[in-house]
Amino acid sequence: MPIAVTSLVVAVVALRKPVEDNGVELARSRAGRLARQVRESESRVRSQLLGADTRRINLTYVLHSATARVAAAPPAGRTFADGPAILPDVLEYYRATRPRRLVITGAAGAGKTVLALELMLALIDHRAEGDPVPVRIPLAQWGTGQPLTTLLVQRLVDAYKWPAGMAAGLVAHGMVLPVLDGLDEMDPLRADGTPDPEAPRARAVLEALNAYQDGREAGPLVLTCRTGHYDALAPVSRLIDAARVAIAPIDTRHTVAYLRDRALDTPRWQPLIDHLDTQPAGPLATTLSTPWRLCLTATVYHRDGNPSELLHHTDGHDLDQHLLARYLPATIANTPNPRRYRPEDVHRWLHHLTGHLAGTTTGAPATDITLHHLWTLAGTTRVRITDLALTTLALTLTGASFFTLFLFLLRDVVGVSIGTVIFFPLFAAVSVVAFRPTPRPNRLRINRGTLQDGFKARFWAGSKTYFAVGFATGFTIGFTIGFTSELPSQSPDTVFGLWLGLGIGIGLGIGTSLIGGFMGGLGGGFADGFKAWFRIWFTVGLVVILGLNLGLDVGLGLVEGPSLWLGIGLAGGLAGGIMRGLTGEPSTVSNPRDIIRDDMVYGLLIGPLTGLLAGLLGGLTGGLTGGLGGVLTGGLGGGLQNALKDALLGVLTFGFTAGCMVGLVVGFASGFAGAARRYGVFLLCSRGKLPFHLGAFLDWAVTAGLLRYNGPGYQFRHRELQQWLNQNPEPPRV
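The shown structure was predicted, so the numbers you read here are calculated from the model rather than taken from an experiment. (Residues numbered from 1 in each chain as written. Predicted model: local features only at pLDDT ≥ 70, side-chain atom pairs only at ≥ 80, totals over all residues. Heavy atoms only, no water.)

(A) Here's a closer look at the packing of helix α12 (residues 291-300) against helix α13 (residues 316-334). Their axes nearest at 8 Å, the elements α12 and α13 cross at an angle of 45°. With respect to their mutual orientation, α12 and α13 come out oblique. Two packed elements cross with a definite hand, and for α12 against α13 that hand is left-handed. Listed contacts from α13 to W292, R293, L296, T297, T299 and V300 of α12 are G316, L319, D320, L323, L324, R326, Y327, A330, T331 and N334. Per-class residue counts for the contact of α12 with α13 are eight nonpolar, five polar and three charged. (Axes fitted to C-alpha atoms, helices over the stretch in contact; angles between N-to-C directions. Helix = DSSP H or I, 4+ residues; strand = E, 2+ residues; numbered from the N terminus. Parallel < 35°, antiparallel > 145°, perpendicular 65-115°, else oblique. Left-handed = near helix turned anticlockwise from the far one by under 90°. Contact = heavy atoms within 4.5 Å. Nonpolar A, V, L, I, M, F, W, Y, C, P; charged D, E, K, R; others polar.)

Spelled out as structure tokens, the structure:
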């Protein structure tokens, strides 16, 4: 009865769910932190799109007429105020739109993303408490089967390192304004290069956005799309209750002013500027009327060259080919280059990466270069076989020493044949895990912010509660066994039961207090993961070892069978629980390389940590159970002393060796067999096609303005640059 009551108490405590206050006031206070993160991240993106320059282009845009279900909005607007208030700036324009649903359309390179970024930064700079925070999401990442709210939560988790629970609270209370960038990137073009009118993914997005509501009103949002793609979808599919604006070509007056501001030596630019002044409506002025081409021109001729060459390239396609062929060499010359990357190498490396984005190895086009997804670019079979061979070699070399020690220390208990039965199935299982097709990166849930944000108070609160439960459970079990068991040498002994109960109670109390402290300190994510995986792996440990122990007990007559059974069961449960509890979602806001770094740290720490704790608990349980078996069979007259020695020996030997084995297996199964190792194998298989320090090269490319950060990945600065590199494997002769 006491055991049953205690077990019930433990079950109730274990099932208790932490409750987090996700009220409106809490969401509003957290939104301020998100706003600061978005400002820092998107200011950097805007600078990269403007060519790492502070000179802004004041775009104008006009309201597109529609027949029904449109939002009320001013007839035209501009990016920012730079003179008399003839037109509203982008912030005033959006706030005057009812409902606040805006579609920004324009030609390729017209500045749709730049205008959306200007709106986001203006909203944050003039944000009042309670206003939603704009969050930009590349639409190509949206699996259209998931709701928009789920996409928003995932974006906060991936790009800004928000815990999923807090992110869900922000979204649920309307503190996130979706800024959905690139509806035209959802579906591939037709064979002739024109937009696909069917565009199933884009149509699914519009259906989901039309169903998006804020209470009983249409949900506020901002959407960007190329004009041709949006027109191809209409009139069957369009965003209802929204104002659609079209970005106008840049006025020649603003074009000349921009080039003058970017020019280091005006005389070299004067022939081009004079031509634009005298022919403001000519073919070249019309061709240069997009922010993308203006940035290209300013970058290519920043330090040298003759800008008047453009007078011979008035056609849009011809001008793009001329500028893009010179863009990479000019960018490299204008950017600090400590690793001395050569233009021809940069061209070939970037071309190779466009194959991944084009879907040549994955079967699906993409917009982001994410490091832990690149491995298919080196050949799926080749990388997997190399990965398996290296994992097998590493596991063989490191596991042989522990296996030898395991057999030496427990040779009288399990024997060589039984040890082989234990070790090699684990070896085979880990090898299979290493061959898995899609390794997922992991991240330790513990970080500096976690340990500082009230961790100490929550840890002690949880540890005190769980120590009481663990001590009560252990004492009840120990006292019941000691008092009711009739030993061969004497009748049941109350004193022996008290001592046994006290020993087991203290041991179990300390163990459960540590677990409870971490569950409380790290919050609901750790607690839920630990509980779920402890139950799974404890059951697996018992079931897998059950057959082996039946052989030990029945066939070999060994008392240590039950101790091995229970010890491995507890060790497996604790290992699985800690491994899952300490696993956080992969995310990054500062640098996409942090995903690989976090996965490496996870793999290096989670194995030894889990192995140590699980091995000690398993060894303690196995040693105590073995010692108790000696007591029950040998009696107290001399048997108790030997039993205690056996218990201590079990803790030291079985605990140590089991900890090493569990640490090895968990390390390979979780971290060493994860995304970081697969990424390293990919780099080995890509020698000659990509630089070995790929992450450092991609960061440099961002600094140079060839790429830009986008949450946990990299993107080409402009889609035209990506397409041109994909079509030109070798750098053209200039």
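(B) How the structure looks around empty space enclosed by the protein. Taken as a whole and assessed by the stated rule, the structure comprises four cavities of 30 Å³ or more. Looking at the second largest cavity, its volume works out to about 80 Å³. Every residue along the wall of the second largest cavity is listed here: L183, D184, M186, D187, P188, P195, D196, A199, A202, C225, H229 and L233. When the residues that make up the lining of the second largest cavity are grouped by side-chain class, the tally is eight nonpolar, one polar and three charged. (1 Å grid on protein atoms, 1.4 Å probe; cavity = no way out; pocket = protein on both sides within 12 Å on 5 of 7 lines; lining within 4 Å. Points joined across faces, edges and corners; volume = space filled by probe spheres on them.)

(C) Layout of unusual backbone geometry. The residue after R98, namely P99, is reached through a cis peptide bond having omega -10°. Tracing the backbone shows P99 in the loop between α3 (90-95) and β3 (101-106). The backbone phi angle of R340 is positive, close to 55°, even though this residue is not glycine. In this structure, R340 sits in the loop between α13 and α14 (343-357). Given a relative accessible area of 72%, R340 falls into the exposed group. (Buried < 20%, exposed > 50% of the residue type's maximum accessible area, 1.4 Å probe, protein only.)

(D) A look at the packing of helix α5 (residues 148-160) against helix α6 (residues 164-172). Axis separation between α5 and α6 bottoms out at 9 Å; the angle between their running directions is 130°. If you check the angle between α5 and α6, you find them oblique. Relative to α6, α5 is oriented so that their crossing is right-handed. Contact residues: T149, L152, V153, L156 and V157 in α5; A164, A167, A168, L170 and V171 in α6. A breakdown of the residues in the contact of α5 with α6 according to their chemical character gives nine nonpolar, one polar and no charged.

(E) Representation of the packing of aromatic side chains in the model. Going through the model one piece at a time under the given rule, you end up with ten aromatic pairs. Centre to centre, the rings of Y679 and F682 are 6.3 Å apart; their planes meet at 35°, and the pair counts as tilted. One end of the pair, Y679, and the other, F682, are both in helix α24 (residues 675-685), three residues apart, so they sit about a helical turn from each other. Among the aromatic side chains, those forming a connected cluster through ring pairs are Y341, W349, F697 and W700. The ring of F80 has R56 sitting right over it, with the charged end atom 4.2 Å from the ring centre. The ring centre of W375 lies 4.5 Å from the NZ or CZ of R678, which sits over that ring. (Phe/Tyr/Trp six-rings, centres within 6.5 Å; stacked < 30°, edge-to-face > 60°. Lys NZ or Arg CZ within 6 Å of the ring centre and 35° of its normal.)

(F) A look at the nonpolar core. By size, the foremost hydrophobic cluster in this structure holds 133 residues, and its most contacted members are L34, L156, L183, L223, F682 and L694. Top contributing element to this core by residue count: helix α4 (residues 112-125), with nine residues. If we ignore the near neighbours within four places in the chain, the residues touching F682 are L374, W375, L377, A378, L690 and L694. (Core = buried A, V, L, I, M, F, W, Y, C linked by side-chain atoms within 4.5 Å.)

(G) Main features of the pattern of salt bridges. Tallied over the full model, the rule gives 21 salt bridges. A salt bridge links R719 to D184, with the nearest nitrogen and oxygen atoms 2.1 Å apart. Residue R719 is located in helix α26 (residues 719-727), and its partner D184 is located in the loop between β5 (176-181) and α7 (200-210); the two are separated by 535 residues in the primary sequence. Note on accessibility: R719 and D184 belong to one class, buried. E185 is the partner of R719 in a salt bridge, and the nearest nitrogen-oxygen pair spans 3.6 Å. Taken together, the residues R719 in helix α26 and E185 in the loop between β5 and α7 connect sequence positions 534 residues apart. Given the relative accessible area of 18%, R719 is considered buried. (Salt bridge = Lys/Arg side-chain N within 4 Å of Asp/Glu carboxyl O.)

(H) View of a nonpolar patch on the surface. Together, L390, L684 and F692 give the surface a local cluster of nonpolar side chains, amounting to about 260 Å² of exposed area. Residue classification places L684 among the partly exposed residues on the basis of a relative accessible area of 44%. (Patch = residues over 30% accessible without salt bridge, like charges linked within 9 Å, V, L, I, M, F, W, Y side chains within 5 Å. Areas by Shrake-Rupley, 256 points an atom, 1.4 Å probe, with all protein chains shown as cover.)

(I) View of α6. Taken together, the buried positions of α6 are A167, G169, L170 and V171. Looking at the buried positions of α6, the neighbouring elements they touch are α2 (24-49), α5 and β5.

(J) Main features of the sheet that holds strand β2 (residues 76-78). Taken in spatial order, the seven strands line up as β2-β1-β9-β3-β8-β5-β4 in an open sheet, and their pairing is mixed. The sheet is open, and its two edges are formed by β2 and β4 (133-138), each paired on a single side. Taken over all neighbouring pairs, the strand axes of this sheet differ in orientation by 20° on average, direction set aside. Looking at chain direction, β3 and strand β8 (residues 221-226) are connected through six bridges and run parallel. Residue R101 lies in a different strand from β8, and its bridge partner there is L221. Sheet contacts for α5: β4 and β5; angle to β4, the most-contacted strand, approximately 90°. (Pairing = 2+ DSSP bridges.)

(K) Up close: α24. Summarising burial for α24: nine of the eleven residues are buried, a large majority. If you check which residues of α24 are buried, you get A675, A676, R677, R678, Y679, V681, F682, L683 and C685.

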